[in-house]
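Residues per chain, in single letters:
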Amino acid sequence: MRTTRSAAVRAGARGKTYAALAVVSVTGILALTGCGLRDHRDDVGVPGSSPSAVPSVAPKASLPPGRPLGADAHVPSPSDVDGTDATEVSEAWAEVAYGYDTKYDYGPHDAVLRSARWFTPAKAAEERSYHPASGAGAEWNTWAGHRAWTTVVVTADDDADGPADTAVLAYRALFVDGRAHGRDGWKGTGPRANVYLKLTRAGGGRPWHVAEVTTVEAAEPPPPPSTSEPALSPSTSTSPPASMMSSTPSSTTPS
């Protein structure tokens, strides 16, 4: 699944630097409102604020953890990943973290937890202690309506101007471009995002682990113009032809 990125994703990300990006922490990663990683945490009040500053509504109940995976679950499980290669570790992490199966997952965070094998101990503990609020987003709900799973193409952004690697610190920029596959035969757009990882390790030759993740949702590319539709006559319906109507949900990305 690590193949050439789509032109739409690359075009949206080229030229952006780490410093210029408005990023969203992956801790709570994803909502995809498109799953493409939006943090769904709800802050009710700020520490130290007065009681009047706290909303009068009760906080949302946390989503339960996903169901145990069954034999028909469609989730990625990369093998033969070279832990001493920061790029391989980054791409394997992203493949798993964006590999959802809505028959079993209640939200994107369930996939994030499946990717914990590549987290640092501190990051893994942080994600396991996080409980996302209810509501994974409109796109997730569309996927769930079809009991869909997602697959992604993950590619490295060679144009990103991140810091150079050291023996114990590395940064990677990735493109994630996904598709959703419904168990009823439906097909749609999956998670799409630009993802930036910070990786650390104990020393040269030791395995890399993901310490921090930030994401920027990729813009949905416009549909290509149609060149084959016949001109409408005055008596012809002015409704858009079916071939010009997208079969995929609009992206609100939950990350």
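**Q** Before we move on, could you go through the overall build of the protein chain and cite the residues and values that matter?
**A** In terms of helices and strands, the protein chain carries five helices and seven strands. Listing every helix and strand of the protein chain by position from the N terminus yields α-β-β-α-α-α-α-β-β-β-β-β. Summed over its atoms, the accessible surface of the protein chain is roughly 12,900 Å², and 56% of this surface lies on carbon and sulfur atoms.

**Q** I'd like to hear about the pairing of strand β4 (residues 169-181), residue by residue, with values.
**A** Inspection of the sheet shows strand β3 (residues 149-156) paired to β4 by eight bridges, in the antiparallel sense. Within β4, the position partnered with Trp-149 by the bridge is His-181. Two strands pair when backbone bridges link them, and β4 and strand β5 (residues 187-200) are joined in this way by 12 bridges, in the antiparallel orientation. Residue pairing for β5: Phe-175 is matched across the bridge by Asn-194. Joining the antiparallel neighbours β4 and β5 is a turn of five residues, in which Gly-185 adopts a positive phi near 95 degrees.

**Q** Please provide a residue-by-residue account of the nonpolar core, values included.
**A** Trp-93, Tyr-98, Val-195 and Leu-197 are the most contacted members of the largest nonpolar core, which has 33 residues in total. Of all the secondary structure elements, the ones that give two or more residues to this core are α2 (86-97), α3 (109-114), α5 (138-145), β3, β4, β5 and β6 (209-217). Top element by residues in this core is α2. It accounts for seven residues.

**Q** Quick one: what's the story with unusual backbone geometry, residue by residue and with numbers?
**A** In the Ramachandran plot, Asp-80 falls in the positive-phi region, its phi being about 55 degrees despite a non-glycine side chain. Backbone geometry at Arg-147 places phi at a positive 50 degrees, although glycine is not the residue there.

**Q** Now, about the packing of aromatic side chains: what can you tell me, with residues and values included?
**A** Here the structure, examined in full by the defined rule, presents five aromatic pairs. Residues Tyr-100 and Trp-143 carry aromatic rings whose centres are separated by 6.1 Å and whose planes lie at 25 degrees to one another, so their mutual orientation is stacked. Taken as a pair, Tyr-100 in the loop between α2 and α3 and Trp-143 in helix α5 lie far apart in primary sequence, 43 residues in all. No difference in accessibility class separates Tyr-100 from Trp-143, as the two residues are buried. Aromatic rings pair up to connect Tyr-98, Tyr-100, Trp-140 and Trp-143 into one cluster. Positioned above the aromatic ring of Phe-119 is the side chain of Lys-123, whose terminal nitrogen or guanidinium carbon lies 6.0 Å from the ring centre.

Criteria and thresholds
- For every chain, the first residue of the written sequence is number 1, and numbering continues from 1 along that sequence.
- Note on the predicted model: pLDDT of at least 70 is required for a residue's local features to be given, and 80 or more for side-chain atom pairs to be given and counted; whole-chain, interface and lining totals, by contrast, use all residues.
- The basis for every side-chain value is the complete set of heavy atoms in the structure, and neither hydrogens nor water enter the calculation.
- A run of DSSP states H or I qualifies as a helix once it reaches four residues; a run of E qualifies as a strand once it reaches two. Both are numbered from the N-terminal end.
- Shrake-Rupley sampling with a 1.4 Å probe provides the accessible areas, and residues are treated as covered by the protein chains on show and by no other component.
- When DSSP finds two or more bridges between a pair of strands, those strands are recorded as paired.
- For the purposes of this section, nonpolar cores are sets of buried Ala, Val, Leu, Ile, Met, Phe, Trp, Tyr and Cys residues that join through side-chain atoms within 4.5 Å.
- A simple rule labels every residue: compare its accessible area, found with a 1.4 Å probe on the protein chains alone, to the largest value its type can have, and call it buried under 20%, exposed over 50%, or partly exposed in between.
- Whether two aromatic rings pair depends on their centres lying within 6.5 Å, for rings of Phe, Tyr and Trp, where Trp uses its six-membered ring; planes under 30 degrees apart make the pair stacked, over 60 edge-to-face, and the rest tilted.
- By definition, being over a ring means that NZ of Lys or CZ of Arg is both within 6 Å of the ring centre and within 35 degrees of the ring normal.

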